[in-house]
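Chain and residue survey
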Amino acid sequence: MRSKDIVKKAKKFCIETTFAYPLVVKSGYGCYIEDVNGKLYLDFNSNVCSCPIGYNHPEIIDVIRRFVGVGAHKIAGQDFYNEEAVELAEELVRITPRNLNRVLLINTGAEAVENAIKFAFRKKGPLPGVSCTNAFHGRTLGALTFTDSKAVQKKNYPEINHEIIKFCTRGNDPEINGLEELIEREWIPAFVIVECIQGEGGYNVASKKFIKNLRKTSKKYGFPLIIDEIQSGLGRTGKWWSFEHYGIKPDIITSAKALQVGAVISSKEYDPREPGAVSSTWGGGGRIDLAVGLKTIEIIKHEKLLDNARKIGNYIKKRLKEMKNRYQIITDVRGLGLMIGVEFSKEIYKDIIPKIAFKKGLLLLGCGRKTIRIAPPLIITKEEADKGLDIFEDIIKHLKR
Ligand SMILES: Cc1ncc(COP(=O)(O)O)c(C=O)c1O
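Residues numbered from 1 in each chain as written. Predicted model: local features only at pLDDT ≥ 70, side-chain atom pairs only at ≥ 80, totals over all residues. Heavy atoms only, no water.

In terms of regular secondary structure, the protein chain is built from twelve helices and 15 strands. If you line up the protein chain on its principal axes, its C-alpha atoms span 60 × 55 × 45 Å. A burial count over the protein chain gives 56% of its 401 residues as buried. The contacts of the protein chain with a sequence gap of at least 6 include a subset with a gap of at least 24, amounting to 73%. (Helix = DSSP H or I, 4+ residues; strand = E, 2+ residues; numbered from the N terminus. Buried < 20%, exposed > 50% of the residue type's maximum accessible area, 1.4 Å probe, protein only. Contact = heavy atoms within 4.5 Å.)

Written out as structure tokens, the structure reads:
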């Protein structure tokens, strides 16, 4: 079997990272991925929220075709201009509140976070930064400092000066004002960074009060609130950005994954405005990815995928809540739009359910300690949702308590 051979070779030559199961991708169509053996899988995680419009969309294929024969399809995009980067920056400003109107395009999510915190340090000096328990902001050393998801991600890696406050999912949490209390006890930080809905950390939804308190405190003491929208952004929760559910406006946001490239979108106040303060060779220069990112936004708009994320997301949540009533091993169902977490009573379920699902043609991924993420492409239909949920329920039904 081709996939077995490829996995064997990968184990020999490639460094072990985070492979969940032996899926060797060949192609994709709609919400399905085909592996190199010709088996089709229904994708319930969208390549970790990176493929919001699924696979082989004709408008995306047209964009990619446009670059055949162009030659300079990838350039040093922060040393030389290209139209795709400028168009994408303009579109990002269009779908973002008016105060966020300066864009830095970069490669990955972690790099977006690195640059966002550099914007803050540039203005505020080398003060400590603040992030939250269970946060995931990436794996480069700066971003990793502010990550608090799993011990294995951090062991022996040095950190910059920081403090971690509790991520509060309940309005009545005694630590709901943790940032202000930290400042009263210690110091004013350079920034606070938070995911409104934590991704890798367990699909935990922040309480409205918690996010509003972060906004209030950072305004009061004059440092930026950075919202990491790398997993939750670009329509995943049924709005362009997850912070829109919270009635606040951040000073800086980060995007990546669904956008195909990384981006920092900042208010003018935190734009470093100093040539050389930030840059990167390939940042803003992968013209195919930039054009696909722009087309992705256009498709989300004209196919009304924000509405679909809300509608199908609510339907999936309803079915999952019914399952929770039937099967005691499900302890919680939470999320917004098509960013839904199903928490189980034991860690083992998070690990074995995706493996069993893989054999049955459904692609799932775990997150946090005991949670499975349900995050299909935003184009998913009710019929496809039902198909995946039927497989999911069939697995749960047969698990011993
Ligand atoms: C919220 C969040 N921030 C940052 C990152 C890092 O992004 P990347 O893997 O593109 O470096 C991720 C990736 O999962 C993420 O979910």
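Let's shift gears to the packing of helix α10 (residues 305-326) against helix α12 (residues 382-397). Helix-helix packing is described using two parameters, namely the angle between the two axes and the distance between the axes. Running from amino to carboxyl end, α10 crosses α12 at an angle of 20°, the nearest separation of the two axes being 10 Å. For the element pair α10 / α12, the angle class is roughly parallel. Between α10 and α12 the crossing geometry is right-handed. Packed against α10, whose contacting residues are Ile-312, Tyr-315, Ile-316, Arg-319, Leu-320, Met-323 and Arg-326, the element α12 presents Lys-382, Ala-385, Asp-386, Leu-389, Asp-390, Phe-392 and Glu-393 at the interface. Here the residues of the contact of α10 with α12 sort into eight nonpolar, no polar and six charged. (Axes fitted to C-alpha atoms, helices over the stretch in contact; angles between N-to-C directions. Parallel < 35°, antiparallel > 145°, perpendicular 65-115°, else oblique. Left-handed = near helix turned anticlockwise from the far one by under 90°. Nonpolar A, V, L, I, M, F, W, Y, C, P; charged D, E, K, R; others polar.)

Take the site of the ligand next. All residues adjacent to the ligand are Thr-108, Gly-109, Ala-110, Phe-136, His-137, Gly-138, Glu-195, Asp-228, Ile-230, Gln-231 and Lys-257. Within the side chain of Gln-231, one N or O atom sits 2.9 Å away from an oxygen atom of the ligand. Class assignment for the residues of the shell around the ligand results in three nonpolar, five polar and three charged. (Near = heavy atom within 4 Å. Polar contact = N/O pair within 3.5 Å; in protein donor to acceptor, adjacent residues only side chain to side chain.)

So, about the layout of surface pockets. Of the volumes computed, that of the second largest pocket is approximately 790 Å³. What lines the second largest pocket is a set of 28 residues, and nearest its centre among them are Gln-78, Tyr-81, Arg-102, Val-103 and Leu-104. Of all the secondary structure elements, the ones that give two or more residues to the lining of the second largest pocket are α4 (83-94) and β4 (102-106). For the lining of the second largest pocket, the residue count by class is 14 nonpolar, nine polar and five charged. (1 Å grid on protein atoms, 1.4 Å probe; cavity = no way out; pocket = protein on both sides within 12 Å on 5 of 7 lines; lining within 4 Å. Points joined across faces, edges and corners; volume = space filled by probe spheres on them.)

This part is about the packing of aromatic side chains. Within the structure shown, the criterion is met by seven aromatic pairs. Ring geometry for Tyr-21 versus Phe-358: centroids 4.8 Å apart, planes at 15°, classification stacked. Here Tyr-21, found in the loop between α1 (2-13) and β1 (25-29), pairs with Phe-358, found in helix α11 (residues 347-359); they are 337 residues apart in sequence, far enough to count as distant. Here the two residues Tyr-21 and Phe-358 agree in accessibility, since each one is buried. Both rings, one in Phe-167 and one in Phe-210, keep their centres 5.9 Å apart while their planes meet at 75°; by these two values the pair is edge-to-face. (Phe/Tyr/Trp six-rings, centres within 6.5 Å; stacked < 30°, edge-to-face > 60°.)

This next bit is on the domain arrangement of the protein chain. Per the domain assignment, the segments making up the protein chain are domain 1 (2-57 + 304-397) and domain 2 (72-302). For domain 1 and domain 2, the distance between their C-alpha centres works out to 25 Å. Tallying the contact residues gives 30 residues for domain 1 and 29 residues for domain 2. Summed over both partners, the interface of domain 1 with domain 2 buries about 2400 Å², with 62% contributed by carbon and sulfur atoms. The largest share of the area that domain 1 buries against domain 2 comes from Leu-306, Leu-336 and Met-339, three residues that together contribute 28% of it. Our enumeration of links across domain 1 and domain 2 arrives at one salt bridge. Salt-bridge contacts for Arg-373 lead to Glu-200; the nearest nitrogen and oxygen are separated by 3.1 Å. (Domains from an automatic or database assignment. Buried area = accessible area lost by both parts, 1.4 Å probe. Salt bridge = Lys/Arg side-chain N within 4 Å of Asp/Glu carboxyl O.)

Next up on the list: the pattern of salt bridges. One pass over the full model with this rule turns up 28 salt bridges. For Glu-34, the salt bridge is made with Lys-26, and the minimal N-O distance between the two is 3.3 Å. Judged by its relative accessible area of 12%, Glu-34 falls in the buried class. Classification of Lys-26 by relative accessible area gives exposed; the value is 52%. Salt bridges sharing common partners tie together Arg-319, Arg-326, Lys-382, Asp-386, Asp-390 and Glu-393.

Glancing now at the sheet that holds strand β14 (residues 365-367). With antiparallel pairing, the four strands of this open sheet are ordered in space as β11-β12-β15-β14. Single-partner strands in this sheet number two, and they are β11 (330-336) and β14. Each adjacent strand pair in this sheet contributes to an overall mean axis angle of 30°, direction not counted. When strand β12 (residues 339-344) meets strand β15 (residues 371-374), the two strands line up antiparallel, connected through four bridges. Across the sheet, residue Val-342 finds its bridge partner in β15, namely Ile-372. Along the sheet face, α11 touches β12, β14 and β15 and points at about 40° away from the line of β15. (Pairing = 2+ DSSP bridges.)

A separate point is the environment of Val-93. Turning to its location among the elements, Val-93 is positioned in helix α4. Separated by ten residues in sequence, Val-93 and Val-103 place their C-alpha atoms 7.7 Å apart. If near-sequence neighbours (up to four positions away) are discounted, Val-93 is found in contact with Leu-100, Asn-101 and Val-103.

What follows is about the environment of Val-278. Along the chain, Val-278 falls in the loop between β10 (262-266) and α9 (287-302). A relative accessible area of 21% means that Val-278 is categorised as partly exposed. As a C-alpha pair, Val-278 and Asn-115 span 163 residues in sequence and 7.2 Å in three-dimensional space. Other than its neighbours up to four places away in sequence, Val-278 contacts Leu-104, Asn-115, Lys-118 and Phe-119.

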